[in-house]
Amino acid sequence: MPVDRIQKKLEDCVEREDFYQAQQLCLSLYSRYKRKDACKAYDALVSGIGLLFPRGDVSAGTELALTLAKGYVDAGVEFDAGSLSRVHAILDAYPEGAGMPGVASCEKFVDLCSRWCQSHGRVTEAKVLHEKLGRYTLRCVGEECAGRALLHSMRGNNLSDIVAVMTTTASRATPEEEDLIVVKTVLRFVNFRSRSKADLGAYSKVGVALVDMYHKQTGRTPPDTPAMNFLRLALEALGAQSAGLLAGLREKYGLMLGQDPSIAGEVDEILSKLRPRAAKPPDLSQMFKTLFA
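Below or above, wherever it landed, is the structure these notes cover. Quick caveat, the model's predicted, so the values are computed rather than measured. The numbering scheme is per chain: residues are counted from 1 as the chain's sequence reads. Residues qualify for local features only when their pLDDT is at least 70, as the model is predicted, and side-chain atom pairs are given and counted only at 80 or more; totals for whole chains, interfaces and linings, by contrast, use all residues. Each side-chain value is worked out from all heavy atoms of the structure, with water and hydrogens disregarded.

## Section: helix α7 (residues 123-141)
In DSSP terms, a helix is any run of H or I states spanning at least four residues, a strand is any run of E spanning at least two, and both are numbered starting from the N terminus. Multiply 1.5 Å by the residue count of a helix minus one, and that product is the helix's expected span. Over its 19 residues, α7 extends 27 Å from the first C-alpha to the last, a length consistent with the 27 Å expected when each residue adds 1.5 Å. Buried, partly exposed and exposed residues are distinguished by accessible area as a fraction of the type maximum, computed with a 1.4 Å probe on protein chains only: under 20%, between the cut-offs, and over 50%, respectively. Of all the positions in α7, only E125, A126, L129, H130, E131, L133, G134, Y136, T137, L138, C140 and V141 are classed as buried. Trailing α7 by a residue or two, G142 shows a phi angle of about 55°, which is positive.

## Remarks on the side chain of S204
Tracing the backbone through its elements, the reader meets S204 in helix α11 (residues 197-218). Look at S204 and you get buried, because its relative accessible area is 4%.

## Some words on the nonpolar core
Core analysis: the biggest nonpolar cluster contains 50 residues, and L45, L68, I90, Y94, F109 and W116 have the highest contact counts within it. Contributions of two or more residues to this core are made by α1 (3-15), α2 (19-34), α3 (38-52), α4 (59-75), α5 (81-93), α6 (99-119) and α7. Here the element with the most residues in this core is α6; it accounts for 8 residues. Whether two residues are in contact is decided by their heavy atoms, any of which lying within 4.5 Å being enough. Residues within four places of F109 in sequence aside, it is in contact with A65, L66, L68, A69, V87, I90, L91 and Y94. Grouping buried Ala, Val, Leu, Ile, Met, Phe, Trp, Tyr and Cys residues that are joined through side-chain atoms within 4.5 Å yields what is termed a nonpolar core.

## Some thoughts on the pattern of salt bridges
What counts as a salt bridge is simple: a side-chain nitrogen of Lys or Arg found within 4 Å of a carboxyl oxygen of Asp or Glu. Here the structure, examined in full by the defined rule, presents 14 salt bridges. Residues R135 and D161 are paired through a salt bridge, measuring 3.0 Å at the closest nitrogen-oxygen approach. Of the two residues, R135 is situated in helix α7 and D161 in helix α9 (residues 159-171); the sequence distance between them amounts to 26 residues. Between D260 and K184 there is a salt bridge, with the nearest N and O atoms lying 3.1 Å from each other. Remark: K184 occurs in helix α10 (residues 175-193) and D260 occurs in the loop between α14 (254-257) and α15 (261-274); sequence separation between them is 76 residues. We classify D260 as buried; its relative accessible area is 15%. You can call K184 partly exposed: its relative accessible area is 24%. One salt-bridge network, held together by shared partners, links E131, R135 and D161.

This is the structure in structure tokens:
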């Protein structure tokens, strides 16, 4: 079948909401173009998604999105403005109100496209994709999956997005839970972004900034609670890169930390990064082999 007839049939299928057939015709166009012009082939996928996603169809559009992303990774497609614009066009087209199916699809798409970006050393561009995914997750599922939205936002490293997750989560919680939400989010972010003792010292300042941004956005002063006092002192301990101070706070505020084991878990992970690793004991068997060789 000629390409122009396939295109016409594709549009007809979308009009009568035969989305599966539309998907198959789009994949047929992709296969035909791919033999001679890869750019046209990928453009055909973007066009098909532009027809399907606005109709609220996630399943058929997902197949096209993942076909492009896998094609980029497997073929090692060159990183340029045109290739990246296709990724953003698809990401921006994901339907609102698609719930968890939309989020799950978008996560797979971003994971592959992020891998493609990083294979070309484009870490900043990969972070932007995660930022968009975090915002989309929050819009689609809100506080129900705030943890997922937070994870994507942390990968993007956009503080405004992280504050948005905190605000959304706290808005549905009781006033007594607000401080625990702030503490957990800030410590999780600092822990996630830090790989070393030096990182923890640097990100402690970012943690303070997050708290300030949160309170400016909500228009409320920080509550004077054990949880918020612990967070303030813990960030000071991290700024000083002091495992001893943080361990002391861990013990002093044990009752408060017991209210949410996940917060205690974050503190313990941070402590493990602050404390120097114990030196490995010498391999006695190897020593004897060397002595008596």
